[in-house]
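Summary of the model geometry
So you can see what is in the structure, the chains are spelled out below.
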Amino acid sequence: MESRFWTHQVSSDTESDDDQSEVDEEEAPIVGDGGTGGAGSKYLTRASLSDSDESDEKQRVVRSAKDKRFEEMAVTTEQMKNQMKINDWVQLQESFDRLNKQLEKVIRVTESDTVPRLYIKGLVMLEDFLAQTLANKEAKKKMSSSNAKSLNYMKQKLKKNNKLYEVEIEKFRLNPESEADAEQEDEDDDDLDSGGDFSDEEPVAIAGGYSDSDEEGEEGEEEGEGGWETKKSKKDSMMDKQFKRDPSEISWDMVDKKLKEIIAARGRKGTDRAEQVEQLSYLARVAKTPAQKLEVMVHVVSAQFDVNPSLNTHMPIPVWKKCVQNVLIILDILAQYPNIIMDETSDLEMENETQKGADHDGPIHVWGNVVAFLERIDDELFKSLQCIDPHTKEYVERLRDEPLFMVLAQNVQRYVERLYDMKAAARVALRCVEHVYYKPQEVYEAMRKLAEIRASPDAATAETEAAADGDDDFDEEAKHVKLPAEVKGPPSFVVTPEIVPRTPSFPNLSRLLMDQLVGTIYKHGDERTKARAMLCDIYHHAISDEFHTARDLLLMSHLQDSVQHMDISTQILFNRAMAQLGLCAFQASLVTEAHGCLSELYASGRVKELLAQGVAQSRYHEKNPEQEKLERRRQMPFHMHINLELLEAVHLICAMLLEVPNMAANAHDIKRKLISKPFRRLLDINERQTFTGPPENVRDHVMAATHALGKGTWQKAVEVIQGLDVWKLLTKRDFVLEMLKSKIQEEALRTYLFTYSSFYDALSLDQLMTMFELPEAHVHSIVSKMMIAEELHASWDQPTRSIVTHNVEPSRLQALAAQFAEKLTVLVESNERAFDARTGGGGLEGMSMGRRNKDGQDYANVASGRRGGDFSGGNRDRQGSYSAYNSGGGRSNYGTGRGGQSRGGRGNAGGSGYYRDQRAGQVGARNNLGYQSTRYQDAYSSVGRTPYQTGPASSTGANRGAQADATGRMVSLTHGGTRPSAHF
Amino acid sequence: MTTTSTPMRSFAQAASAEEIAVPSRVVQIDGLVALKIIKHCKECMPALVTGQLLGLDIGSILEVTNCFPFPSRGGEEEEEVEADGANYQLEMMRCLREVNVDNNTVGWYQSTYMGSFQTVELIETFLNYQENIKRCVCIIYDPLRSGQGVLALKALKLSDSFMELYRTQVFTGEKLREKNMTWKDIFEEIPVKISNSVLVSALMTELESDAPASQCDFDRLVLSTNPFMEKNLEFLIECMDDLSMEQQKFQYYYRNLSRQQVQQQSWLQKRRAENVARRLSGEELLPEEDPSNPIFKTLPEPSRLDSYLITNQIANYCGQVNGFAGQSLSKMYLMDAFHQD
């Protein structure tokens, strides 16, 4: 301890030493023995004077942990300052790292997520200094190599680091003096204000200010700028001034000039964004020509988007509404003057284009992009729904703005269609689709009604209102947004009548709307738009209980092959569609299919994340704030959520219905064929419990039912399953419950036969009927099916109505021998291959070739799947991908059986084995879907029947293929490994 | 190999028959020692136990005249147990010396379960012993198999060539080929001879009952085959799994190797082309080998030891199954004949 202090005094900036003592201090109590007291005082002295050596005094200071941390930070920043003076980048780099470490501590202590101002100050200081140093080329050259290295390091590090705190730094730069907290509040207030009241008071001021500066003539921009600031405070006096002025005196030039001025100020430091909006909207009112008005309006909308600078928070709702109205006005103008052309290619610099009046004949070009506006508006709506607490009235209110958006979207679409810009039309249509696809018919109906109710009073008042329009049941704010505009502001110079409809037109059925929109997209959209539209379509079909249509769409589009190459939000959409498809299949009592759809989602145990319905807490790795932010931005708004409990219940019940008979059938070798890994895991956990209480959550219920089913007491299983709360979420509740009961009865019968048939010589049909309360035909069909599938070695004895069992079940020894023989074949195969390799037959080569082939196939799948998405053409492409899919599928299907059996052998990489199974399972599931789809086959019978049939028929060939694949599948392991993550 | 290969004879018969000396090295076990080993192994049956063999090494005959068991290890901490074990061993030896019993360690014995003893651990223990005792031996006793009326007692040692190889720790294919070693050459089985002092033999004759058959003979007639076969098969399956795992390792290795060779070739070609160009322009040639390049790093070849051991183990199981099946079949025929009567 002592010696360390000593060295410390000698060289106060040996940093490693410093670090050490710091750590030490942290462990020790705040007021400790002499040593720690000294450590504390060291900081004190350092803060004041770095070269004084008064640590002998050993002052004892008691401070709170928080203060201490802050002080540490202060010290570090002080040090940094000194180091800057001597231009010592090596030390600076260390100080910077330390500062970051201290930041973590401070945040931990204060338990808030706002970054201390001190830290920001340090960052700003560093940034400035860095810029300064970099600018000074001379000095840079003179630097020592280590110093230069550190400088470079710092350059990169700081850039990265500062990105995280961009907003705070911005704030700090704006206002370096003020106190952090106060500023924070100010900022918030500003936002609120700008949302709520700028439209009723400030326009006055601006108008005043504007006319004022105008009167002063060309006295200079600075003064004008200053005028804006001062006038704002004395708005009362300005009121009269403004009224005195006749808007007609304002010329086009004046407006143009002012507009340019305002635009130039945009994004500059110290510009009040809300104020800018007001200035612009005033300008819009006094604009001389329609084209000019349009131009100004475009800038108004852009300025409104700027009001909220952060990516994480949403635009204030009133601003949003105004923004929508403004875009509508833009559309009005565009509709009224078809010769005005708005596009992004128009030259901004083109002078006096907007001077051309309404009666101008030729085309007038104005810069702007309505579709981009629309998309931004939609994003803001989405964001606001993400941010607002879904359990408040505010959320509901917000949801009611959706029709408003739909109006806008429909109008924009009409506009772009008029221009024959079909690509844009597809984009707009997608936005609409994404607002409709998740709504079942009832919800859609409600939305339609809401829109209609709004429309009727609106129609009555529509004529009386000029520029600003309003729906009567807009909330209060909207009303007084509109009112002052009429009373206080000067009447708009260019009057724009409402040409585009202000009410959305919805067809009766959501399906109709969907078909219409999706049709447009399929025709004109780009790859991503089409994929998303397809997924929405699938989702929508799934919620309207059209499982087969939805499934066929999914299979034909080959989205499941290509989705892992898409962006995350599309992957989320895909996951959602799959989940909904699973629910749909379940309601259509297709258990296997439902399980096939859902098992993949549940394989990783991160359903929440995969569906973007909440941030999963991961125990193993901490996410950095950036990742977390990204993730939060992806979340689905609450009203679009798929009920997770229902989903889990459906998944587990499907797994139970499949797994229980399966376990009974493979009692010899229970681990041999897994259908649902998560289910087995849950079962294991459940069985390990010493005491199982009454079921509480979904899992418990299903586990209890599983045990009951395994024992054959199906009544209890039915009771437990039907006791679940989630069923009330289903519309077809009674049907589902009934379906569940009969399914459970069937599976109980199968389980019973699997387990006990070997103990019987004969079973009476009537006995079975009474035991499982199933009708005769049902029992008969189940038993017959089992006989055909060779699951049950028995035959019917019709006269006595009984099943005669032939107990040819292999004894354990036989089963083992069979297993052994299988292992041997595997070994022999690989030996042969090794031998081939040795004798130059290129066995190993072939193996790797096989792998490559398979890889190639995958890519082919993906590629053609992508092309296959183009429905209007490319039959041959689809054929190609279809056969590829089938041969791949057939093979891996074989692999499921095989993979299971030889798992022990190849399970050396335990984790990868898991993935393989998972993948194989999912392929199997996919095949199931494929095989049962008659429509699917029909659709392709003319095209690709042959590969389909030859695939499974030449099973010996497939045999070899599958085995040759044994290693080849290692690729698909990694493939499968990335798959779940790729979905996210 | 004597006792085990003629299992149909009774213990006494076997013991007396083995009096004839075998030309090569022989392990001569005292009857008492054999009984002690059997007792120890049988009593701790599910657990596998070990013990020390004491005796004398006289010429070609290794006499085992005494033994003592090691305390069985509980679930305590490894180190402690090890220290305890060593202490116990030393203490025991001291005691034995004091009462003037042979206290020269000649090896150890251990029980096994269905002959699953060919492991790396065994080899390592062996080498440990080998360090101090030139000619040591390991006696392996299988209590389960003995239950079928066979004295499953084996004396093993590592072959000299293998030991030499093991010390180098290189088990590449080439090396093995060089040494001409196959999997059979790892262990050497030494014939076991059980000897009794004259007095004991006399006592045995005295004790021998007049009944035509002993319990051991009846044991041999048990007709149940399943448990034994099942167990063996299970072990075999396990072995196959292990073996294919080993095989995979090799496949992986070879694949990497061929890939590396392809890379090397292409690199070399490039280099040569470059050299040609350089020669034309009169510059100095670049070397055709670049040790710093990662593609020239030799890949480590996986050890073959494991696969050898597994193969040994498989051979062992197969032998057991074969032997057992042969016996069972003859028993079946016998039974068949009885039934027909």
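The name given to chain B in an unreviewed UniProt entry is Eukaryotic translation initiation factor 3 subunit H, with Sphagnum troendelagicum as the source organism. Per UniProt, the comment on chain B under Sequence similarities (unreviewed entry) is "Belongs to the eIF-3 subunit H family." Under Subunit (unreviewed entry), UniProt gives the following word-for-word description of chain B: "Component of the eukaryotic translation initiation factor 3 (eIF-3) complex."

Naming follows an unreviewed UniProt entry, where chain A appears as Eukaryotic translation initiation factor 3 subunit C of Sphagnum troendelagicum. Note on chain A: under the UniProt heading Subcellular location (unreviewed entry), the record states "Cytoplasm".

The next subject is the pairing of strand β6 (residues 153-158) of chain B. Where a strand is regular, its side chains alternate between the two sheet faces. Residues and elements named next belong to chain B. With 5 of 6 residues buried, β6 is to be regarded as a mostly interior element. Taken together, the 4 bridges between β6 and strand β7 (residues 187-190) define a ladder with antiparallel strand orientation. From the neighbouring strand, A155 faces β7, where its bridge partner is I190.

With that settled, consider the confidence of the model for chain A. Detailed reading of the predicted coordinates is not advisable wherever pLDDT falls low. Residues and elements named next belong to chain A. A residue-level look at chain A finds 61% of positions with pLDDT of 70 or above and a mean pLDDT of 68. Across chain A, element-level confidence peaks in helix α38 (residues 776-788) with a mean pLDDT of 91 and bottoms out in helix α46 (residues 955-982) with 35. Within the model, pLDDT remains below 50 along residues 458-490, and this stretch shows 46 contacts once partners closer than five positions in the same chain are excluded. Low pLDDT, under 50, characterises residues 842-984; the stretch is placed with 190 contacts to residues that sit more than four places away or in other chains.

The next subject is the sheet that holds strand β4 (residues 794-797) of chain A. Strand pairing in a sheet is mediated by backbone hydrogen bonds. Such pairs are either parallel or antiparallel. All names here are of chain A. Taken in spatial order, the 3 strands of this open sheet run β3-β5-β4, and their pairing is antiparallel. The open sheet has two free edges, formed respectively by β3 (762-764) and β4, since each of these has just one partner strand. Strand-to-strand twist in this sheet, taken as the mean axis angle between neighbours without regard to direction, amounts to 25°. Where β4 and strand β5 (residues 802-805) come together, 4 bridges link them in antiparallel fashion. In the sheet register, W796 faces β5, and the bridge partner there is I803. Against the sheet, α38 engages β4 and β5, with an angle of about 140° to β4.

A word on the nonpolar core. Judged by nonpolar contacts, the single largest core of 172 residues is most densely connected at I538(A), F586(A), W727(A) and L768(A). With 13 residues, helix α32 (residues 644-665) of chain A is the largest single contributor of residues to this core. Residues within four places of W727(A) in sequence aside, it is in contact with F586(A), L646(A), V650(A), I653(A), I721(A), Q722(A), R733(A), V736(A), L737(A) and L740(A). Counting residues in each nonpolar core, the second largest holds 30 residues, with L54(B), F70(B), L96(B) and F126(B) among its members.

Take the pattern of salt bridges next. Proximity of charged atoms lets side chains of opposite charge pair with each other. All names here are of chain A. Across all of its chains, the model carries 31 salt bridges over all chains by this definition. Among the salt bridges present, the one from R532 reaches E434, with a minimum N-O distance of 2.6 Å. Taken together, the positions of R532 in helix α25 (residues 527-543) and E434 in helix α21 (residues 422-436) put the pair 98 residues apart, joining distant regions of the chain. The two residues R532 and E434 agree in class, both being buried. Between E648 and R699 there is a salt bridge, with the nearest N and O atoms lying 2.8 Å from each other. One end of the pair, E648, is in helix α32; the other, R699, is in helix α34 (residues 698-711), with 51 residues separating them in the sequence. Judged by relative accessible area, which is 17%, E648 ranks as buried. Three or more residues joined by partner-sharing salt bridges are found here, namely K321, R398 and D401.

This next bit is on the environment of A748(A). Residues and elements named next belong to chain A. In this structure, A748 sits in helix α36 (residues 733-756). Spatially, the C-alpha atom of A748 lies 7.6 Å from that of F772, the residues being 24 residues apart in sequence. Discounting chain neighbours no more than four positions away, the residues touching A748 are L709, W714 and F772.

This part is about the packing of aromatic side chains. All told, the structure shown has 17 aromatic pairs over all chains when counted by the stated rule. With 6.4 Å between their ring centres and 45° between their planes, Y756(A) and F759(A) make a pair best called tilted. Exposure remark for Y756(A): the relative accessible area of 34% places this residue in the partly exposed category. With a relative accessible area of 65%, F759(A) lands in the exposed category. Plain terms: the ring middles of F228(B) and F324(B) are 4.3 Å apart, the flat faces sit at 45° to each other, and that makes the pair tilted. With a gap of 96 residues between them, F228(B) in helix α10 (residues 226-281) and F324(B) in helix α11 (residues 305-340) connect regions that are remote in the sequence.

What counts as what
Residues numbered from 1 in each chain as written. Chains lettered and ligands numbered in written order. Predicted model: local features only at pLDDT ≥ 70, side-chain atom pairs only at ≥ 80, totals over all residues. Heavy atoms only, no water. UniProt positions renumbered as here; feature names shortened; annotations may be inferred. Buried < 20%, exposed > 50% of the residue type's maximum accessible area, 1.4 Å probe, protein only. Helix = DSSP H or I, 4+ residues; strand = E, 2+ residues; numbered from the N terminus. Pairing = 2+ DSSP bridges. pLDDT = per-residue confidence, 0-100. Contact = heavy atoms within 4.5 Å. Axes fitted to C-alpha atoms, helices over the stretch in contact; angles between N-to-C directions. Core = buried A, V, L, I, M, F, W, Y, C linked by side-chain atoms within 4.5 Å. Salt bridge = Lys/Arg side-chain N within 4 Å of Asp/Glu carboxyl O. Phe/Tyr/Trp six-rings, centres within 6.5 Å; stacked < 30°, edge-to-face > 60°.

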